[in-house]
Every structure is written in C-alpha cells, then in structure tokens.
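Here is what each chain is made of, one letter per residue.
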Amino acid sequence: QVQLQESGPDLVKPSQTLSLTCTVSGGSITANYYYWNWIRQPPGKGLEWIGYINYSGSTHYNPSLKSRISISRDTSNNQFSLHLNSVIPEDTAVYYCAREEIGGTFKYGDWGQGTQVTVSS
C-alpha cells in the first residue's frame, strides 16, 4: 500500500515562503497514471484543493492560489513539494498530500497524516 508523509516547518512568518515535502513509499510518483496532490484545511473550514503534479511532471493549480504556488518533484527521492509564496495568516491550515488515481476526479485514495502549519509573526 502506498504511504505518504508530509514534512516541513510548523511555523512561518507572513510574507515568507512555505515549503513542504511529501515523501512517497510503496509506489512511484512517476507511475502511470497517478496524480499527486496538495490539499489543505484551515481551522474550522473545509478542505481546499491546492494543486497537483502528475506522473509525467505536469502541474495544475487552484486558480485562487495559482499566483503564489509552485509544485515540483524529486523523482530520485520519490518526493514532491509545495512552495507557497508570500504567506498570510489565512494560510494557516493542516496541509495534506494525497494520491489521485484518475486526474480530475477529486477522489483521493491515499492521504498523508497531515502537517499543521501556522502563519504568524
């Protein structure tokens, strides 16, 4: 079974860049035809899809966040990362990485446990 694990800072200051990494085991991030997603949940709010990088390296981002997002991958280490620029307190959330077997379905069969990120000065 595929496993995903998020890692990164738990506290960042406003205007800085948040960088998180998802390490995948039990499956290759280049395997056909999986999509690898970042999703977040602010306190008291619902899940918000951030974006993905797929098996071929193609990316797509939530239009509401697109200007501040970059998702990349390190195939040698079977990892993909989120970079969120110019963070604000409203970016405080639990951040998850998740695998989508069919792109565009928003059906995530496998999730990381999530990592809490707080944006505060």
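Before going into details, it helps to say that this report is about the structure given with it. Treat the numbers as computed from the prediction; the structure is a model and nothing was measured.

Taken as a whole, this structure holds one disulfide when the rule is applied. The partner cysteine of Cys22 in its disulfide is Cys97, sulfur to sulfur 2.1 Å. The S-S bond linking Cys22 to Cys97 shows a torsion near 70°; that makes this disulfide right-handed. Here Cys22 is found in strand E3 (residues 18–25), whereas its partner Cys97 is found in strand E9 (residues 93–100), with 75 residues between them in sequence. Taken as a pair, Cys22 and Cys97 share a single burial class, namely buried.

Evaluation of the coordinates by the stated rule reveals four salt bridges. Salt-bridge contacts for Arg68 lead to Asp91; the nearest nitrogen and oxygen are separated by 2.9 Å. Here Arg68 is found in the loop between strand E6 (59–61) and strand E7 (69–74), whereas its partner Asp91 is found in the loop between strand E8 (79–84) and E9, with 23 residues between them in sequence. Of the two residues, Arg68 and Asp91, neither departs from the other in class, the shared state being buried. Across the pair Arg99 and Asp110 runs a salt bridge, and its minimum N-O distance is 3.0 Å. On the criterion of sequence distance, the pair formed by Arg99 in strand E9 and Asp110 in strand E10 (residues 108–111) is long-range, its members being 11 residues apart. The class of Arg99 is buried, set by a relative accessible area of 9%.

With that out of the way, let us pick up the environment of Trp36. As for its position among the elements, Trp36 is in strand E4 (residues 35–41). The buried category is assigned to Trp36, whose relative accessible area is 1%. Once the C-alpha coordinates of Trp36 and Gln3 are considered, the two residues, 33 residues apart in sequence, prove to be 12 Å apart. With residues up to four places along the chain from it excluded, the contact list for Trp36 reads Val2, Leu4, Val24, Ser28, Ile29, Gly51, Tyr52, Ile53, Asn54, Phe80, Ala98 and Arg99.

Calculation criteria
Position numbers for residues start from 1 in each chain and track the written sequence from start to end. The model is predicted, so local features are restricted to residues of pLDDT at least 70 and side-chain atom pairs to those at 80 or more, both for listing and for counting; the totals for chains, interfaces and linings are taken over all residues. The basis for every side-chain value is the complete set of non-hydrogen atoms in the structure, without hydrogens or water. What counts as a disulfide here is a pair of cysteine sulfur atoms lying within 2.5 Å. Helix and strand definitions here come from DSSP, where helices need a minimum of 4 consecutive H or I residues and strands a minimum of 2 consecutive E residues; each element is numbered from the N-terminal end. When a residue's accessible area, from a 1.4 Å probe over protein chains only, is under 20% of the maximum for its type it is buried; when over 50% it is exposed; and in between it is partly exposed. We define a salt bridge as a contact between a side-chain nitrogen of Lys or Arg and a carboxyl oxygen of Asp or Glu at a distance within 4 Å. Whether two residues are in contact is decided by their heavy atoms: any pair within 4.5 Å suffices.

Just distances and angles here, no functional claims.
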